[in-house]
Amino acid sequence: MKISIRHRGRTAAMLGVLLLAASGCHAISDPLLDAPQPDIINPNDVQNADGAEAARVGAIGRLKTMTAGDESTWIMGGLFADEWKSSDTFQQRDETDQRLVDPTNAQITTAFRFIHRARLSSMLAIGLLRKYKPAPASNVGMMFFVKGFAELQSAQDFCDAQIFSDATAEPIQYGSPITVAQAFQLASASFDSALANAGTDAGSALVNNLAKLGKARAQIGLKNYAGAATLVATVPTNFVFNETYLQVSGDNGIWALNNSVKRYTVQDSIERNGALAGTAIPNALPFVSAKDPRVPTSRPTTRGFDGVTLFDAQQIWPTRETAVALLSGVEARLDEAEAALKAGDVATYLQKLNDLRAATGANSGGVAGLTPLADPGTQTAREDLLFRERAFWNFGRGSRLFDLRRRIRDYGRATTSFPGSGAPFHKGGNYGTQLSLPIPQAELNNANAQSCDATKP
Amino acid sequence: MRMVPARMAANAVAFALLFLISTAGFAAAQGTITGRVTAQGTGEAILETRVLVVGTSLVATTGTDGRYTLRGVPNGAQQIRVLRVGFAEQKKGVDVAAGQTATLDFVLSAVVVKLAEVVTTATGEARRVELGNTVSNINAAQRTATAPVKSLADVLAGQAPGVQVASGSVTGSGARVRIRGTSSLSLSSDPIYVIDGVRMTSSTGSVSPNIFVGSGDGRGTQTRALDINPDDIENIEIVKGPSAATLYGTDAANGVIVITTKHGRGGPQKWTAFGETGLLKDRNTYPTAYTTLVKGATALSQICRLTAQAAGTCTPDSLRSYSLFTDPTASPIGSGSRRQGGVQLSGGSETLRYFSSGQFEDEIGVYQIPSYEISRLDTIGGTREEWIHPNRLSRQNLRANINASPSGSLDVSVNTGFVHSTTRIPQTDNNSLGLLSHAYGGPGFVSMPSVGYNLSSTGAQLHGYRASTPGDIFQNTTTQEINRFIGSTNANWRPISWLANRANVGIDYTARQDQQLCRRGTCADIGSTRLGLVEDDRASINTFSADVGSTATFAPAASMNFKTTVGAQYVNAYSGRNGSGTSNLAPGTQTVSAGATPFSDEATSSSRTLGLFIEEAAAFRDRLFLTAALRTDQNSAFGTNFQRVVYPKLSASYLISEESFFPKPRFLSELRLRAALGESGVQPGPLDALRFYAPATVNINAVDQPAVQFSTLGNSDLRPERAREFEGGFDARMFDSRVTLEATYYSKVTKDALISAVIPPSAGSGATTRRQNLGSVKNAGAEMSLNAQLVDRRNFAWSTTLSGSMNENKLVTLGEGIQPIVGATIRQVPGFPLNGYWQRQILSYDDKDKNGIITASEVVVDTAFSYIGYSIPRYEATLSNGIETFNRKVRINAMFDYKGGNMLLNGTERIRCQNRNNCRGLFDQTAPLFEQARVVALRDDPSRTQAGYMEGAGFVRFRELSVTADMPQIVAAHLRASTASITFAGRNLFKWTSYSGIDPESNADAGGGGTLSAPSDFQTSPPVTFYTVRLNLGF
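All figures in this text were calculated on a predicted structure; none of them were measured in a lab.

Please clarify how the overall build of chain B should be interpreted in this entry.
Scanning chain B from N- to C-terminus turns up 13 helices and 49 strands. With respect to the three principal axes, the spread of C-alpha positions in chain B is 105 × 75 × 60 Å. Across the 1035 residues in chain B, those meeting the buried criterion constitute 61%. The contacts in chain B between residues at least 6 apart in sequence include a share of 70% that link residues at least 24 apart. Summed over all atoms, the accessible surface of chain B reaches about 36900 Å², with 56% contributed by carbon and sulfur. One way to put it: in chain B the 96 positive side-chain charges average out to a point 2 Å from where the 86 negative ones average out.

Can you walk me through the pairing of strand β18 (residues 267-281) of chain B in this structure?
Taken residue by residue, a regular strand's side chains alternate between the two faces of the sheet. All names here are of chain B. Two elements, β18 and strand β21 (residues 336-348), share 12 bridges in a ladder whose sense is antiparallel. Bridge pairing in β21 places G278 opposite R338. Of the strand pairs in this sheet, β18 and strand β49 (residues 1025-1034) are connected by 10 bridges, and their pairing is antiparallel. The residue bridging A273 from the neighbouring strand is L1033, located in β49.

Could you clarify how one ought to interpret the packing of aromatic side chains in this entry?
Any pair of aromatic rings gets described here by the distance separating the centres and the angle formed by the planes. A full pass over the atoms with the stated rule returns 26 aromatic pairs over all chains. Ring geometry for Y367 of chain B against F474 of chain B: centres 6.4 Å apart, planes inclined by 70°, an arrangement best described as edge-to-face. Note that Y367 of chain B is positioned in the loop between β22 (352-364) and α6 (371-379) and F474 of chain B in helix α9 (residues 470-474), a separation of 107 residues in sequence. Summarising the burial analysis for this pair, Y367 of chain B and F474 of chain B share the class buried. Put simply, the rings of W84, F287, F392 and F395 of chain A pair up and form one aromatic cluster. Sitting above the plane of the F311 of chain A ring, K262 of chain A keeps its charged end 5.7 Å from the centroid. The lysine or arginine in question, R384 of chain B, covers the ring of W387 of chain B, its NZ or CZ lying 5.7 Å from the ring centre.

How should I be thinking about the environment of R400 of chain A in this particular structure?
Residues and elements named next belong to chain A. With respect to the element layout, R400 can be found in helix α14 (residues 400-409). Residue classification places R400 among the buried residues on the basis of a relative accessible area of 5%. Each C-alpha atom, one on R400 and one on L79, is 9.8 Å from the other, the two residues being 321 residues apart in sequence. With sequence-adjacent residues up to four places away left out, R400 is seen in contact with A81, D82, E83, L285, F287, F387 and A391. Polar contacts involving the side chain of R400 include one to the side chain of D82, which spans 2.8 Å.

Where do I start with the state of the cysteines in this structure?
A covalent bond between the sulfur atoms of two cysteines is referred to as a disulfide. Residues and elements named next belong to chain A. Using the criterion set out here, one finds four disulfides over all chains in the structure. Between the sulfur of C159 and that of C452 lies a disulfide, 1.7 Å long from S to S. Measuring handedness by torsion sign, the sulfur bridge of C159 and C452 sits at about 60° and is right-handed. Of this pair, C159 sits in the loop between α6 (138-157) and α7 (180-196) while C452 sits in the segment after α14, and the two are 293 residues apart along the sequence. In this structure, C159 and C452 share a single accessibility class: buried. Taken in N- to C-terminal order, the disulfide-linked cysteines of chain B are connected 1-2, 3-4, 5-6.

Looking at this model, I keep getting lost on the environment of A277 of chain A. Mind explaining?
Take A277 of chain A: it is sitting in the loop between β3 (264-266) and β4 (297-298). By relative accessible area, which is 27% here, A277 of chain A ends up partly exposed. Those residues within four positions of A277 of chain A in sequence are excluded, and the remaining contacts are E271 and R272 of chain A together with Q302 of chain B.

Looking at this model, I keep getting lost on the sheet that holds strand β2 (residues 50-53) of chain B. Mind explaining?
Note: strands within a sheet are paired through backbone hydrogen bonds, in either parallel or antiparallel orientation. Residue and element names in this part refer to chain B. What the four strands build is an open sheet, ordered β3-β2-β5-β6; its pairing is antiparallel. Strands at the two margins of the open sheet, each flanked by one partner only, are β3 (59-61) and β6 (90-96). Neighbour to neighbour, the strand axes of the sheet diverge by 25° on average, direction disregarded.

Quick question: what am I supposed to make of the packing of helix α5 (residues 106-132) of chain A against α6 of chain A here?
If you want to describe how two helices pack, look at the angle between their axes and the distance between the axes. Residue and element names in this part refer to chain A. Axis separation between α5 and α6 bottoms out at 9 Å; the angle between their running directions is 160°. Considering the angle they form, α5 stands roughly antiparallel to α6. Judged by the twist between their axes, the crossing of α5 over α6 is left-handed. Contacts between α5 and α6 involve F112, I115, A118, R119, S122, M123, A125, I126, L129 and R130 from the first element and N139, V140, M143, F144, V146, K147, A150, E151, Q153 and S154 from the second. The residue inventory of the contact of α5 with α6, partitioned by class, reads 12 nonpolar, four polar and four charged.

What's the story with the confidence of the model for chain B in this structure? I'm lost.
Close inspection of predicted coordinates is inappropriate for parts of the model with low pLDDT. Residues and elements named next belong to chain B. Counting all residues, the mean pLDDT for chain B is 88, and 95% of those residues have values of 70 or more. Taken together, the stretch residues 1-27 has pLDDT below 50 and engages in 40 contacts with residues farther than four places along the chain or on a different chain. Predicted confidence for residues 213-218 stays below pLDDT 50, and this span has 14 contacts to residues more than four positions away or in other chains.

Got a minute to help me understand the pairing of strand β16 (residues 233-239) of chain B in this structure?
Residue and element names in this part refer to chain B. Burial runs high along β16: six of the seven residues are buried. Pairing geometry for strand β11 (residues 135-138) and β16, over four bridges, is antiparallel. Opposite S136, over in β16, you have I238 as the bridge partner. Here β16 runs beside strand β17 (residues 256-261); their pairing, made up of six bridges, is antiparallel.

Which parts of the structure should I look at to understand the environment of L398 of chain B?
Residue and element names in this part refer to chain B. Among the secondary structure elements, L398 is positioned in strand β23 (residues 392-407). On the basis of relative accessible area, L398 is assigned to the exposed category, the value being 53%. In sequence terms L398 and V419 are 21 residues apart; their C-alpha atoms lie 6.4 Å from each other. Those residues in contact with L398 that lie beyond four places of it in its chain are S357, G358, T416, G417 and F418.

What is the right way to read unusual backbone geometry from this model?
Excluding glycine, residues mostly carry a negative phi; peptide bonds, for their part, are mostly trans. All names here are of chain A. Following A135, the chain continues into P136 via a peptide bond in cis, with omega recorded as -5°. With respect to the element layout, P136 can be found in the loop between α5 and α6. In this structure, P171 follows E170 across a cis peptide bond, with omega equal to -5°. Relative to the elements of secondary structure, P171 occurs in the loop between α6 and α7. Of note, N283 is a non-glycine position whose phi angle comes to about 70°, a positive value. In this structure, N283 sits in the loop between β3 and β4.

Just checking my understanding: could you explain a nonpolar patch on the surface for this structure?
Residue and element names in this part refer to chain B. Residues L398, F418, F485, V505, I507, Y509 and F544 make up a contiguous nonpolar surface patch of roughly 570 Å² in combined accessible area. Per element, the largest residue contribution to the nonpolar patch is three residues, and it comes from strand β26 (residues 499-518). Positionally, F544 belongs in strand β27 (residues 533-557).

I keep staring at the side chain of N918 of chain B and nothing clicks. Help me out?
Residues and elements named next belong to chain B. Mapped onto the fold, N918 is located in the loop between α10 (907-916) and α11 (920-923). On the accessibility criterion, N918 (0% relative accessible area) is buried. Within the local environment of N918, its side chain forms a polar contact with the backbone oxygen of G442, the two atoms lying 2.7 Å apart. In this view, N918 contacts T288, A289, Y290, Y440, G441, G442, R912 and F923; residues no more than four positions away in its chain are not counted.

Could you clarify how one ought to interpret α6 of chain B in this entry?
Because an α-helix packs 3.6 residues into every turn, residues spaced three or four apart end up facing the same way. All names here are of chain B. Buried residues of α6: Y372, E373, R376 and L377, and no others. Projected down its long axis, α6 shows its buried positions confined to an angular sector of 130°, all on one face. In this structure, the buried side of α6 is in contact with α9. A positive phi of about 120° marks G381, the residue just after α6.

About the cut-offs
- Residues numbered from 1 in each chain as written.
- Chains lettered and ligands numbered in written order.
- Predicted model: local features only at pLDDT ≥ 70, side-chain atom pairs only at ≥ 80, totals over all residues.
- Heavy atoms only, no water.
- Helix = DSSP H or I, 4+ residues; strand = E, 2+ residues; numbered from the N terminus.
- Buried < 20%, exposed > 50% of the residue type's maximum accessible area, 1.4 Å probe, protein only.
- Contact = heavy atoms within 4.5 Å.
- Areas by Shrake-Rupley, 256 points an atom, 1.4 Å probe, with all protein chains shown as cover.
- Lys, Arg positive; Asp, Glu negative; His and termini not counted.
- Charge placed at Lys NZ, Arg CZ, Asp CG, Glu CD.
- Pairing = 2+ DSSP bridges.
- Phe/Tyr/Trp six-rings, centres within 6.5 Å; stacked < 30°, edge-to-face > 60°.
- Lys NZ or Arg CZ within 6 Å of the ring centre and 35° of its normal.
- Polar contact = N/O pair within 3.5 Å; in protein donor to acceptor, adjacent residues only side chain to side chain.
- Disulfide = S-S within 2.5 Å.
- Axes fitted to C-alpha atoms, helices over the stretch in contact; angles between N-to-C directions.
- Parallel < 35°, antiparallel > 145°, perpendicular 65-115°, else oblique.
- Left-handed = near helix turned anticlockwise from the far one by under 90°.
- Nonpolar A, V, L, I, M, F, W, Y, C, P; charged D, E, K, R; others polar.
- pLDDT = per-residue confidence, 0-100.
- Patch = residues over 30% accessible without salt bridge, like charges linked within 9 Å, V, L, I, M, F, W, Y side chains within 5 Å.
- Salt bridge = Lys/Arg side-chain N within 4 Å of Asp/Glu carboxyl O.
- Arc of directions from axis to C-beta.

Structure below.
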């Protein structure tokens, strides 16, 4: 087979060329395969003081997103409760309004992610600040506040299988379910860390006030009303931490979703739509028809995004760049009023509420046009009044669902006291029976996670 | 270049060895063969015939006189084979003496079934019969001359079994091509494109994300593959799967579409020209809007549904109905038009041939501002042409191809193509600014001021539109401008008889400019749009590719032939985009610098692949052909822990009918068995492996500050998807080759499928998913093609082609611990098809109280989700008939297209029933009970479901009809031409379907893809009908 040998020689030679070329290609492959990716930031590039500062700012950005900067649980919780009504075409928003939230709901999943992004960003920033930019110390305290506020918001809105993980390093340490109460305790611990790391610099007062207000809310979630009141006693009524907006970097999300795009309309206690027009929505507050100056609204002739639902626009934040108060001293006085009511001190309870309603004064809430409240006479009515006052003072800022849940959980109200219970829904069918937001199905990709019963408060 | 000396030395050795191999044997004794190829019977010269010396790399092509010359032929007895489409292959022996010229003529007999005998493979050209896999071949030149095609998608549609083309419906919109099903969960399932030997950018969704609101909605997405002028294409070959595409490497697992543009032919200069004009008509039936209000209603929202009527909770006013589409003053749909013209020039000598073409195309879509709106706009400042005709495509192409054969051993070609296009596509489809979301969503009457429905927020008469009018919507002008150059240089050098070297180097460069403009005080009143906005995004998309290879052939005996090929391929794909825009424009302005709120962004994507391959092909007795090959790739997107992927391939082709033992029946002319097994891949996205932060701007205390936010986890073990495919089948020629039958079975399993595994939200990463090689997807199916020349007489001929395919798709696994990927209507669940429809099923409905109204208590809906059906067709079939009559001077072609086995979500009807409150099932007591039941299941049952709107989407469409007549010589002469023909053609002429939506091919996702991606008839444009007249002249 001389001929075959010749052929094998040629084949071998070709193979040799290939192998040698492969060897050569291996040498040149690095530059040939080195594809630049300028859009991204390598983790090594933030291992310095500038990187730590940018991470701190990024964490505050995440905090804004999980609150008033996007479609967060502030919005979705308010939709689930009675602050907002869906004037949208997406089923995910309609089912949230109807309290029939499927765990696959994309909007709820995204809102849940916002919370945990803020938490992770704060944790990463804490590590970077401590290592590369320890001063001013209050920056670290502020990051602990962000972490605590994320934990607090999760406890306020989601059902009883709270999950908190740690992805600051690989492998990710996935959390296991904890109760809502444990989540409030976790948040309290983070606020304690914020207070401990507040330092004594120019930013310390801000961090101290925020951490006290945050921890007080967590303590209220834990039914420690007196403790909460003690915490916020030193927070001045005129204290406010505003989240600010510029069009270039991002709009006020509440304004964008309500006033601009009209996916939500302000909810009222009287239905305006469909065959139900004129009927009452059980237990819903009259955020529109009350014409309360704390929740000013306007009624344009245009309909909502769906082209059908009649529309009411909030005017608390009338422009895309209107700042939103994350927390304020008003809440401190409300906490004190609640503690007083719990302690049976009706006079203090009423005084605290009326001080806030005064147009002026050291403890004024700063809104003109409110008249003093009279004692409604019964404990139940006083509680109702307290929660109504909280609802109007805190409208749209992420605490209405928290209040409605704890009315049932901590004040012994019936599950049917939740707005809309048992009534027809304006887009068909009836309101559902959920009382909290379900843990999204996406979280079940965490082997430790489990779903929870969203019909429990 | 960081090459170390040792490796430089290795390179030097390699190239030295290659040089030695290349030049070895130059001194060997050689001769020349020359001759002429003519047709049997007529004696006419046959040009463009390939003449090969069997067992060598030597090849020549006949000129216009039918002559060929083969130089450098080794001494001794040689076998010469000639191949030509339309003629029977022939092989003859000849003795070649050193320094002498042998003469060998061929007389070829015509065959009635005309199939290309030579196909292009990754290692060069090969005889079809030698391949173990099927390759579909489309004679594009013939289709464009006689069929109603206006894009590459039309050329491909219905021409190859297993190849599904979903075209966009709007003028200038894209198309989605799937070959043998959907293989990838997370990556593109699009095939790759090779044009004249180099990689061509073909991306779907090629438009700036800033320009159109929404992600993939609101318009037809552009597809870069459709930039190519179909009239420039000579031939298209479709390499269907990994078993055939192995040597195309990473990215070829979804198939390869190989395009060869036209080339010059030796002989006198030849001019051809054509002119075409056409009409676009929308012959679809659009839904009627229905409304029943509460008696005395004061708001449009005070509807009185059938269910409420049955419950007695409202007193209905009369049922009203209205269709703005049938109201000539209100309809946004009119007639479109198209014009097209082109000139082609070819000619040259045996050593230098040229082809050049120029063409223009102008198509105006069917959308228009209705007359009542023009009247309004005239009173407030007038209209603009781009508002009146918001959908328009204007395109110009230039091409110049040169082929040179400076010696018998060297061929060089240079191919250049340039396209300039301007496409104006309005926001027609599903988004808040989309026309159809307003046209499908209005009430069942023209206006009713008493309920607040007569004027939009801009003061325009709504006239049946939901909230915005066509005038306002079409004032939003969106334009894409393309300047694209594709150039390639191909060289084939055969220094010695047994060695052929080839090199293809080329670049595909696209400059893309996307613009959106709403002048101040114009456009629909959504958000702050009417303050004015302009966006101007400019992208450069650049693909460089180089492909080199050497093939050594050897014939150790007359009955054996071996061919060894080694090669390398490099692809560098880059795209960069700078976007800028502004809102709150000053009156009268339209530039980015004229607004109060400027913004900008940029994005870059870069991917590089380096591959090496070797192939050994063996032929035994010219009837058994075996091939084995390996390809290895490195890619910039692989994880740092994964360096290289290796893809193997094996194939066999056996002309069993040539064997003496084969009991060949008389009707059988030839039977070939074939089988192939191979692997290929799809590379990850450029950033999928990387862990990184993303930049952000955060406003604190009213000051914008730079920030970083953790974004993506990355995956250092990331590797490409890997698809292994087996295909087997047979090709039969029967009845004197009047009938050919091809049948193929394939089974393709994609392993290491990249799953966009959902990151649990509690991890807190910016990205919601992380690409992991976890999944496995299987596609299996069969393809068949029957081609028959039923009548072949001098004056009359009739040929027919029936092709069909079926595909079974299944997600085998998502990987351990990965939850099913769940969308609102589509899910990825192991054991079921990718992108299958899932919903809670409507178990039953019954009008128990016999009141003619279905209420919530009369419908039973499952509480659990279950699988509904495929979202893309499982079965497809095409029947084409060609008739030549009147002395074959009149040719008639007709094509019918069937697709079925799938469901389609009638999303338009769903939203009409769910949110728009204007579907029949809501209000009309005479509506079929099922229409009522699906409304109740959607809105009133606690287990709300869209299942009632997922409908069988099978259809048969009379896709194409064309009649081409050769005009008498006297007419041609009058036109100063030597030949003239005229073609009357129509496309999308009629359909038969039980689908209740507007059209089963209405497709909002024609250019899309991704993790949860399926065709969607959701407030989208249906296909329109084309009528064209084309005059072809030859000079």
